[in-house]
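Spelled out, the chains give:
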Amino acid sequence: MRETDRIADELARPIPGAHTIWELVLHVTGWRREVARRLDDVVGAARDAPTGSGVSCYVMLHGLAQHDAYHLGQISLLKRAQAAR
């Protein structure tokens, strides 16, 4: 690893072993796209029936909101750790 790459990684990864903000953003975005894909064909009364994943659209959307809140909390902590450096 080049020295500039090592320094960039240290700046982006203020907590050793933790994901970077960018990695978390990519994960959250990817999961949102997956949920949208799963819900794309569900219409009408089928919204309340279990999807291919075994949960209703309601449960899936609540899970997505909880997932996003968890990872946004991680991003907030990483931003705070970066600012403290």
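Presented here is an overview of the structure given in this document. (Residues numbered from 1 in each chain as written. Predicted model: local features only at pLDDT ≥ 70, side-chain atom pairs only at ≥ 80, totals over all residues. Heavy atoms only, no water.)

### Some remarks on the overall build of the protein chain
Then, number 1: Counting its regular elements, the protein chain contains 3 helices and 0 strands.
Then, number 2: When the helices and strands of the protein chain are placed in sequence order, the string is α-α-α.
Then, number 3: Restricting the contact set of the protein chain to residue pairs at least 6 apart, pairs at least 24 apart contribute 59%. (Helix = DSSP H or I, 4+ residues; strand = E, 2+ residues; numbered from the N terminus. Contact = heavy atoms within 4.5 Å.)

### Considerations on helix α3 (residues 57–83)
Then, number 1: The terminal C-alpha atoms of α3, which comprises 27 residues, lie 39 Å apart, in line with the 39 Å expected from a rise of 1.5 Å per residue.
Then, number 2: Listed as buried for α3 are C57, M60, L64, H67, D68, H71, I75 and L78.
Then, number 3: Against the buried residues of α3 lie α2 (21–39). (Expected span 1.5 Å × (residues − 1). Buried < 20%, exposed > 50% of the residue type's maximum accessible area, 1.4 Å probe, protein only.)

### Some thoughts on the nonpolar core
Then, number 1: By size, the foremost hydrophobic cluster in this structure holds 5 residues: V35, L39, C57, M60 and L64.
Then, number 2: Among the elements of the structure, α2 and α3 are those that each provide at least two residues to this core.
Then, number 3: Dropping the residues within four chain positions of it, V35 is found in contact with M60, L61 and L64. (Core = buried A, V, L, I, M, F, W, Y, C linked by side-chain atoms within 4.5 Å.)

### Focus: the side chain of H67
Then, number 1: If you trace the backbone, H67 turns up in helix α3.
Then, number 2: Residues contacting H67, with those up to four places away along its chain left out, are H27, V28 and W31.

### What about the pattern of salt bridges?
Then, number 1: With the rule as written, the count across this model stands at 4 salt bridges.
Then, number 2: Across the pair R13 and E23 runs a salt bridge whose closest N-O atoms are separated by 3.5 Å. With R13 in the loop between α1 (3–12) and α2 and E23 in helix α2, this residue pair connects regions lying 10 residues apart in the sequence.
Then, number 3: Judged by its relative accessible area of 31%, E23 is partly exposed.
Then, number 4: Linking R32 and D68 is a salt bridge whose minimum nitrogen-to-oxygen distance equals 2.6 Å. Of this pair, R32 sits in helix α2 while D68 sits in helix α3, placing them 36 residues apart in sequence.
Then, number 5: For D68, a relative accessible area of 6% translates into the label buried.
Then, number 6: Overlapping salt bridges bring together E34, R37 and R38 as one network. (Salt bridge = Lys/Arg side-chain N within 4 Å of Asp/Glu carboxyl O.)

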